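The primary structure of each chain is shown beneath.
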Amino acid sequence: MTAAGDDHGTHNHEDGLDDAFFSSEGKSSGKALVDEAEQAELDRILKPGRGRAKHPVLAGIVIAASLAVMWMMWKDTVYFFRSKHAVDLGPAAKALGDGKFVENTYVHLKGTPDLNTKANVARRGCGLAPKSAPKSYYNFYVLIGTRDAVVVRRSLSYRQKMKEEKHPVIEMDVTGRLVRFKEVKAFFRSYGNFITALSRKFPALQHQHDFSVANLRKKLGKRLTTIEDRSGHTVRLRPETPVSFYVEYPDELELAVDRGYKLSVDHVTFVGGAGAKACPPGQRGGNVTLIKSKTAFSLGPLETKGTISARNWSKAPAVAVSQKAKAAEGKQAPPQGGNALDRTILVPMDTKVYDSASGNLVPFKGGVLVAASGGGCGKPPTKRQLDLESRPFVDLETVKRFVANFGLPFILADQNAQGFSFVLKGSKEELDRIIRKQRRKSPYSASHRTEWYESRWSDLHQEEDSLVIRPVRAGMPDQYEVSSIHAVPTGHRTTKARKGGMPSPRATDQAPVSTKVAAFDKASSVAKAPVAMRVRKVLRKKAPGDYIRIPFSHIEHGSVTTMRRMPQDAWLLMEGVKPSQFWYYPLLYLLLLGFMIFNVRAVVDYFRYARKSEKDALS
């Protein structure tokens, strides 16, 4: 009894102690495990305060950025859901006039590009450094007949760009995305560069207004005026307005000589003259001789004849008749002397001769080469087949001698690696004759000299029948005039044009030509040349002065350039841009939408927890 009572009493005592402990510490057992400092720290962390105040601000920024990107992607995302088959609109000019253009659609257009509006802009991707060479390009064209309101953009590789420069696009048949030009130029630098190209960066893309000389003469002398171009548009002229003039000189000729011009004749057969069976003393068959001459600019008769032979007296009638018998009959006897039967041909100084069979070079000796020798009395002549090659215009002095054969005053205008350019002055009939003599294989190209003059409107004046430009500005073309008179050798040269329009000396069979050529080539001055002389006028540049005088009869037309402005509602067709290329835009759109919803929920939860904590604190 006692033990059981003791146990019961002990248990009750312990329960009393526990109750006393918990009642002294508080009714909550969890609160008894945390002291006051820890509870204060826990309340500071859980209570919304300054440390968590940035959370809704950052979430709001993320939401705003997501909305902005989604707004920018909206049209691209919509374009993905467009029809995958292009809508055929036909000719661009007609479709624009009929109002068939619909923004952000996949269309097919036809049109003619205005090559004067071509602009090339380098396309630089994100992986390319600003100074690195671009790997692709954008070519922009304005379509003709659309009032500058339709622009086509083509994406080209470097190889495609070079090919298009050599072979410009004449007709366009393009398929791509049609958008408003103003809505995309603000986002992409390349489109902004194209606008710059249309204004000032590329002057060729400015609009050119051509006007007649009659309109020009009416307006000269007025500071502020307007002029009507050939198409009927009115252009305002101010003192600083640049005005250009296209001038053609009927008495001046531009002649360009190709430095790389090559003459070649293959497999020419040379045959010497045969001696008669009963030859008088000293008579033999003639030789065919090639002589290098500074006055020769072609290969003479070698260009048209496959066989060149010396004069063969053995084939003359009655060759067995004695000299005395021929003289008695009053007939002319064959000339005496070893060179009387020679065939002499003048060739350019740089002529190279090769043996056709072996291909070996046949050398000249002292500028003379006996291509085939004649046989003596009763002996057969030699026969030889040769190949000839010449590049006669490798140096300036040779080219000058060639141009001098035209018989007109001339001056060297320019020279470069490709050739030489000269200006010749003469009557219109003389210059037209030179132009008509041109052939497909001519070593030169000739045309009447033309120039573009540009000046400010305030610097133009009229004096009688001439336009006067003052003052002369740097870069203006030169004017040419005839000045000093020189005596130049003519000798045995002729200006007869052979095949190809090339003036060259006439090949001759008369002796002693070699003596005459040698004397001319070795002459140290014109005065010492043992040949006939003639007077020639020399052309020179006109001394620069304070004005340039151009006869109105030489002015073809004038022109004024104005800035080309695109209309505000212009269209841009991006060739090759298909709706299927934007497949990832809906995915990005959904991803951004989900990200934005997540941040909106975070902001809502933040303010909900803050409100609940505040209520708990008040209760």
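These remarks concern the structure in this document. (Residues numbered from 1 in each chain as written. Predicted model: local features only at pLDDT ≥ 70, side-chain atom pairs only at ≥ 80, totals over all residues. Heavy atoms only, no water.)

Helix and strand counts for the chain come out as 14 helices and 30 strands. Residues counted as buried form 37% of the 619 residues belonging to the chain. Taking all contacts inside the chain whose residues are at least 6 apart in sequence as the whole, residues at least 24 apart take part in 75%. About 36,500 Å² of surface is accessible on the chain, with carbon and sulfur atoms providing 55% of the total. (Helix = DSSP H or I, 4+ residues; strand = E, 2+ residues; numbered from the N terminus. Buried < 20%, exposed > 50% of the residue type's maximum accessible area, 1.4 Å probe, protein only. Contact = heavy atoms within 4.5 Å. Areas by Shrake-Rupley, 256 points an atom, 1.4 Å probe, with all protein chains shown as cover.)

Backbone-to-backbone hydrogen bonds pair the strands of a sheet. The strands run either parallel or antiparallel. Strand order across the open sheet formed by three strands is E22-E23-E28, with antiparallel pairing between neighbours. Each end of this open sheet is capped by a strand with a single partner; those strands are strand E22 (460–463) and strand E28 (548–551). When the angles between neighbouring strand axes are averaged without regard to direction, this sheet yields 30°. With four bridges joining them, E22 and strand E23 (residues 466–469) adopt antiparallel strand pairing. (Pairing = 2+ DSSP bridges. Axes fitted to C-alpha atoms, helices over the stretch in contact; angles between N-to-C directions.)

A separate point is the packing of aromatic side chains. Enumeration over the complete set of coordinates arrives at 18 aromatic pairs. Residues Tyr-137 and Tyr-158 carry aromatic rings whose centres are separated by 6.4 Å and whose planes lie at 45° to one another, so their mutual orientation is tilted. Remark: Tyr-158 occurs in helix H6 (residues 158–166) and Tyr-137 occurs in strand E4 (residues 136–143); sequence separation between them is 21 residues. On the basis of relative accessibility, which here comes to 11%, the residue Tyr-137 falls in the buried class. Between Tyr-261 and Phe-393 the ring centres are 6.2 Å apart and the planes differ by 35°, which places this aromatic pair in the tilted class. Placement of the pair is Tyr-261 in the loop between strand E10 (242–258) and strand E11 (263–271) and Phe-393 in the loop between strand E18 (383–390) and helix H11 (396–404), with a sequence separation of 132 residues. Looking at Tyr-261, the relative accessible area reads 14%, which means it is buried. Above the plane of the ring of Tyr-137 lies Lys-161, whose end atom (NZ or CZ) is 5.0 Å from the centre. (Phe/Tyr/Trp six-rings, centres within 6.5 Å; stacked < 30°, edge-to-face > 60°. Lys NZ or Arg CZ within 6 Å of the ring centre and 35° of its normal.)

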